[in-house]
Each structure stands twice: as structure tokens, then as C-alpha cells.
Amino acid sequence: MNGSPTRIASNTAVLPQQLTWEQAVAKLQGADLQDRYYAAWYLGTVRDPRGVEPLLLALQDERDRTALGGYPLRRNAAKALGQIGDARALPGLVAALTCTDLHVREEAAYALAQLQDARAVDPLLALLRSPEEQPWEAIIEALGQLNARQAEEAIRPFLGHASRRVQSAAAWVLYRFTQAEELTQILTRLLADPNSSLRQAALFDLAESGWVAGAPLLATADVALNLRINALKRLFDVALQLGQLPLVQVAELIIPELDRLL
Amino acid sequence: MSSLPAAQVPSTTVAQLAAELEQATSPEDLLRLVRALGALGQVEGIPLLIRAFGFNRPAVGEAALEEVLRFGELAVKPLLEQVDSFDYGARAYSVRALARIGHGDAYAFLVEAIRSDFAPSVRRAAVRGLGRVAARRPLSDQEQALQLLHQCLSDSDWGVRYAALGALTDLARSGLPELRAQAEAGIQTALADAEPLISLRAQMSQQELATDL
């Protein structure tokens, strides 16, 4: 959490190595596993649609395996395809939902949410009904981002899931669908939890829910300042996107809270 | 505001609270001590409240900020002397305090933070305070602040752009009258910002300034 020793310095170690698109694709298709992993991440950050075809190939990679059978390159490729957000990635990402690596399925679910293409809803819903262990939080959140109201009844049982992160995801998605007040209570309870990472997750889940009246709770949560500010901004954007309240009312509830923090 | 009025703790001194603060670990104890220091109202307690900005408990930091603000301009000197150059989280609370108090002595520090601090939360807070602080400075500083705030309107961080609108509103309202038109021109350009939140905030600034006239 600490800053750098001098006020003006920033951490140059995390700055991306600059690559041209050609260099990145060459690295992605090269022999060095680390270079390939880095190139997939890089193509996602630059969001160049020319990255879609090479990344779809990387999504079927067989060479980069972990000791437990995971597919690290596929995980990064799925994530990058989501960041690029090109509809051509849809079939490849839907296929990745059946990958044996749970983390690949997780990244594919989040990526499908970013594509904002309703054709992803049925495969995600099928995965949610699977008897096997799944990346529940990612699947539920993706269905929420896709505004898949037909998923409401399939999501509801997850309010009682053993993982509170999963409960929190189910609560924000169902609130977006139904605006039922008791769902906000689940989220505000998690926002006051002694566990700081859970508070942080609940903060952004409250923002995703679009519950504008909760803005003062976001502003005063025991979570780092920049995260509270960013969560309020996200709440504003979600409320605008949902369009359930007039803009004036959204502004009246959120702007004073932001002004207090900035 | 405080749950612990000074009258109920007549024997408590800053030194006693300082000793308790050394031992405290739970957020509840930290909060109670921060409130007690504020209620005591003695300037010797200000450095302890500033230290509480760095306890890495945002709720404690917010309470300490509230208590520091009660001291008003008396807090400016200790705030400037005690800025934490290592912990940007703590630094952001110090800058927020300076921004709210709006004393001219914070001017050079805010300008430097806007130009070179790497932490977004610190830069946003410094930008937010610049209008209020510059309004207490001579014309040349107000002109420099205006120029800097215009640059901030095209910053890549939406939070900096948002903060600049508040600062330009303050400067238009409290700065030298001859600069008001330029401050308003900046707010006008922000109406076209790609972020809906920013253009909305610009509209609100315009409305605030229109009711002044």
C-alpha cells in the first residue's frame, strides 16, 4: 500500500514493454511460453481488433500447461478477447466455457459479458445449472451484465451459497433485475464485514446493483478512498445505463457524495 | 458530532490519549481515541490526528479528517509539516484537509502535488483544493492556478477533470473578478466531455454560478 520513497517517482517496473502489433503477434506464436503469455496480455491492453484471430488460436493452445493441468495462456487469451470486445470471439469463448480448467471458464464468462452479445446467455445459463464445481461468481455476474432476466430463478439459490462472494454477486444481479429491497441488505451487511477484501467486493457489487439510494453507504464504507470514489463513479454509470431514475435524481444522490470525497 | 464531549473527560490530556493510541489496535478503539482528540480541542492533538490518516483504516482516516477540520486554519502548519511522502493513502487525507481549509499557505504544495504526485487520489484532492486556496493568493498565482486547472480539464483521469470543475467554480466565485470569465470558459468546455458524469457536473457548476449573479 505504501507509495514510492520520493513523491514524484512512479513504479517503472510495471510499465508495459512497448511492442508493435506485429511483434506482439510474433511473440504470441513463438516458442517461448513466457513471451506468449505476456503477448496475450499485451494484445488485450492495446485492444486492437487485429488481435482477435491470433488470440482465438491461443485459446486452443495445448503447449502451456501447469502441473495441475491448467492452461495459463488460454486464461490470458480469453481475458484479452473480452477486453477487445469483438463479436468474432463469441464462438471461441463459448467453446472455452467447457474447458477442463476452471480458470479458463471463469475468464471466458467475464469475456462474454464484455462482448455484450445475447447469444452467450444460453451457454452461461447451462453452465450455471451444471452439477459440477463452476466459477459461479463469474457466471452470475456475466448473466447480470448481459441483463439476462430469464436467469433470475436459476440465480436465486446462490443467495444461500457457502461463498459470500457468490452470495454478493447473486444479490447485485438480482437487485438489478427486481429492485427488491432485501437484496440491498445482503450487500450492506457484507460492506460492514470485518474482512477487508469482502468489504471491497461488496462495495463494487453495490455499484453494479445500480441502487442509487445506497450512495452514502458507498461513500462512508471502510474501504480505501480511491476505491470508494471509483465505486461511486461506477454506480453513476450503471444508473445512467439502466435509466430507471431520472438523471436529476441520480445526480442529486451521487454528486454530493463524490464532492465530499474529492 | 462527537460521541465524547470534552466535559465528560476533564482529566484526559493529549499525552494520555497519545499513550492510548500507541496501544490501540481495534478499529473501535482507534475511532474512539480519534474522536476524543478532536473533542479535546487542543492543537497539540493535531499531529496525532494527522498520524491517524496513515493507520490504513479508511473509517478511522475519515473520522480523523473530520476532527482535523474542526481546527480550521490552525491545522494548516502541522498538515504541511507532516505530509507523509511514503504513504500516498495518508497523503491523500492530508491534501483533502488542506483543500477543505483553503488557506493560501497550501498553494505551492498543492501545485507541486498536481504536477508531480503519482497517486491519483492525491492529485484529485490537490486539484479540488486549488481554486479555494488560489483565491487567497495574489493575481499572478490565481492566473497560474487557472492555467493549471484548464490543463486538468483534459487530464486522462476523470477524477482530476471532475475535481477541476469544483475548483474552477470556487475560483470563479471567490477569486479576482477579472478572472471569472476565464474560469467560466473552462467550465463551458467541460460540457462537451465524453464522460456523462463530467458534463453533468459542469452543468451543475454553471447553475451554481448563475444563482450567484
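Quick caveat, the model's predicted, so the values are computed rather than measured. (Residues numbered from 1 in each chain as written. Chains lettered and ligands numbered in written order. Predicted model: local features only at pLDDT ≥ 70, side-chain atom pairs only at ≥ 80, totals over all residues. Heavy atoms only, no water.)

### Let's talk about the overall build of chain A
Scanning chain A from N- to C-terminus turns up 15 helices and zero strands. Here chain A has a C-alpha radius of gyration of 20 Å; the compact-globule value for 262 residues is 18 Å, and the two agree. With the C-alpha coordinates aligned to their principal axes, the bounding extent of chain A is approximately 55 × 55 × 35 Å. For chain A, buried positions account for 52% of its 262 residues. Of the contacts made within chain A by residues no fewer than 6 positions apart, 60% connect residues no fewer than 24 positions apart. Summing over all exposed atoms, chain A offers an accessible surface of approximately 12100 Å²; the carbon and sulfur share of this is 54%. Charge-centre separation for chain A: the mean point of 25 positive side chains lies 3 Å from the mean point of 30 negative side chains. (Helix = DSSP H or I, 4+ residues; strand = E, 2+ residues; numbered from the N terminus. Rg over C-alpha atoms; globule rule 2.2 N^0.38 Å. Buried < 20%, exposed > 50% of the residue type's maximum accessible area, 1.4 Å probe, protein only. Contact = heavy atoms within 4.5 Å. Areas by Shrake-Rupley, 256 points an atom, 1.4 Å probe, with all protein chains shown as cover. Lys, Arg positive; Asp, Glu negative; His and termini not counted. Charge placed at Lys NZ, Arg CZ, Asp CG, Glu CD.)

### Concerning the environment of A:Tyr42
Tracing the sequence through the fold places A:Tyr42 in helix H2 (residues 33–46). Taking the C-alpha atoms as reference, A:Tyr42 lies 7.3 Å from A:Ala24; in sequence the two are 18 residues apart.

### Quick word on the nonpolar core
In this structure, A:Leu93, A:Leu128, A:Leu143 and A:Ile155 are the most contacted members of the largest nonpolar core, which totals 166 residues. Here this core gets 10 residues from one element, more than from any other, and that element is helix H10 (residues 158–174) of chain B. Not counting chain neighbours up to four residues away, the residues in contact with A:Ile155 comprise A:Leu128, A:Ile140, A:Leu143, A:Ala170, A:Val173, A:Leu174 and A:Phe177. (Core = buried A, V, L, I, M, F, W, Y, C linked by side-chain atoms within 4.5 Å.)

### Digging into the pattern of salt bridges
Residues and elements named next belong to chain B. Per the counting criterion, the structure on display carries 41 salt bridges over all chains. Between Lys77 and Glu81 there is a salt bridge, with its nearest N and O atoms 3.2 Å apart. With Lys77 and Glu81 both in helix H5 (residues 76–81), this residue pair falls four residues apart, about one helical turn. Judged by relative accessible area, which is 58%, Lys77 ranks as exposed. Classification of Glu81 by relative accessible area gives exposed; the value is 59%. A salt bridge links Arg201 to Glu208; the nearest nitrogen and oxygen atoms lie 3.7 Å apart. Look at Glu208 and you get partly exposed, because its relative accessible area is 28%. (Salt bridge = Lys/Arg side-chain N within 4 Å of Asp/Glu carboxyl O.)

### A closer look at the side chain of A:Asp64
Residues and elements named next belong to chain A. On the secondary structure map, Asp64 appears in the loop between helix H3 (52–58) and helix H4 (72–84). We note that Asp64 is buried and unpaired, the nearest opposite charge coming from Arg36 at a distance of 6.0 Å. Asp64 has contacts with Leu33, Tyr37, Gly70, Tyr71, Pro72 and Leu73, leaving out every residue within four places of it along the chain.

### Things to note about the domain arrangement of chain B
Residues and elements named next belong to chain B. Here chain B is described as being made up of domain 1 (1–101) and domain 2 (106–213). A separation of 28 Å is found between the C-alpha centroids of domain 1 and domain 2. Residue-level contacts link 11 residues of domain 1 with 14 residues of domain 2. Roughly 1100 Å² is buried in total at the junction of domain 1 and domain 2, and carbon and sulfur atoms are behind 70% of that figure. Linking domain 1 with domain 2 are two salt bridges, by the criterion used here. The partner of Arg136 in a salt bridge is Glu73, with the nearest N and O atoms 2.9 Å apart. In this assembly, domain 1 and domain 2 are joined by three residue pairs in polar contact (both at pLDDT 80 or more). (Domains from an automatic or database assignment. Buried area = accessible area lost by both parts, 1.4 Å probe. Polar contact = N/O pair within 3.5 Å; in protein donor to acceptor, adjacent residues only side chain to side chain.)

### So, the side chain of A:Arg228
Looking at the secondary structure, you find A:Arg228 in helix H14 (residues 225–242). By relative accessible area, A:Arg228 is classed as buried at 0%. Those residues within four positions of A:Arg228 in sequence are excluded, and the remaining contacts are A:Leu203, A:Leu218, A:Ala219, A:Thr220, A:Ala221, A:Val223, A:Leu261, B:Pro58, B:Glu62 and B:Tyr93.

### Structural notes on the domain arrangement of chain A
Segmentation of chain A into domains returns domain 1 (16–146) and domain 2 (181–262). The C-alpha centroid of domain 2 of chain A is placed 29 Å from the C-alpha centroid of domain 1 of chain A.

### Comments concerning the packing of H10(B) against helix H12 (residues 196–212) of chain B
Residue and element names in this part refer to chain B. It is the contact of H10 with H12, at a shortest axis distance of 10 Å, that shows an interaxial angle of 5 degrees. Classified by the angle between their axes, H10 and H12 sit roughly parallel to one another. Residues Trp158, Arg161, Tyr162, Leu165, Gly166, Thr169, Ala172 and Arg173 of H10 form the contact with H12, whose own contacting residues are Leu197, Ile198, Arg201, Ala202, Ser205, Glu208, Leu209 and Asp212. Here the contact of H10 with H12 is built from residues that sort into eight nonpolar, three polar and five charged. (Axes fitted to C-alpha atoms, helices over the stretch in contact; angles between N-to-C directions. Parallel < 35°, antiparallel > 145°, perpendicular 65-115°, else oblique. Nonpolar A, V, L, I, M, F, W, Y, C, P; charged D, E, K, R; others polar.)

### Focus on the confidence of the model for chain A
Keep in mind that low pLDDT regions are not for reading the predicted coordinates in detail. Within chain A, residue pLDDT values average 92, and 94% of them lie at 70 or more. Note on residues 1–13 of chain A: pLDDT is under 50 here. Beyond four places in sequence and across chains, it has 28 contacts. (pLDDT = per-residue confidence, 0-100.)

### Considerations on the interface of chain A and chain B
Tallying the contact residues gives 31 residues for chain A and 32 residues for chain B. For the chain A and chain B pair, buried surface summed over both sides reaches about 2900 Å², with 60% attributable to carbon and sulfur atoms. Between chain A and chain B we count four salt bridges in total. Of the charged contacts in the structure, one is a salt bridge between B:Glu195 and A:Lys233, with a shortest N-O distance of 2.9 Å. At the junction of chain A and chain B, the tally comes to 11 residue pairs in polar contact (both at pLDDT 80 or more). Counting only elements with at least two residues in the side of chain A that touches chain B, the list comes to H14 and helix H15 (247–261) of chain A. When residues of the side of chain A that touches chain B are assigned to their parent elements, the largest contribution, nine residues, is made by H14(A). Tallied by class, residues from the side of chain A that touches chain B come to 17 nonpolar, six polar and eight charged.

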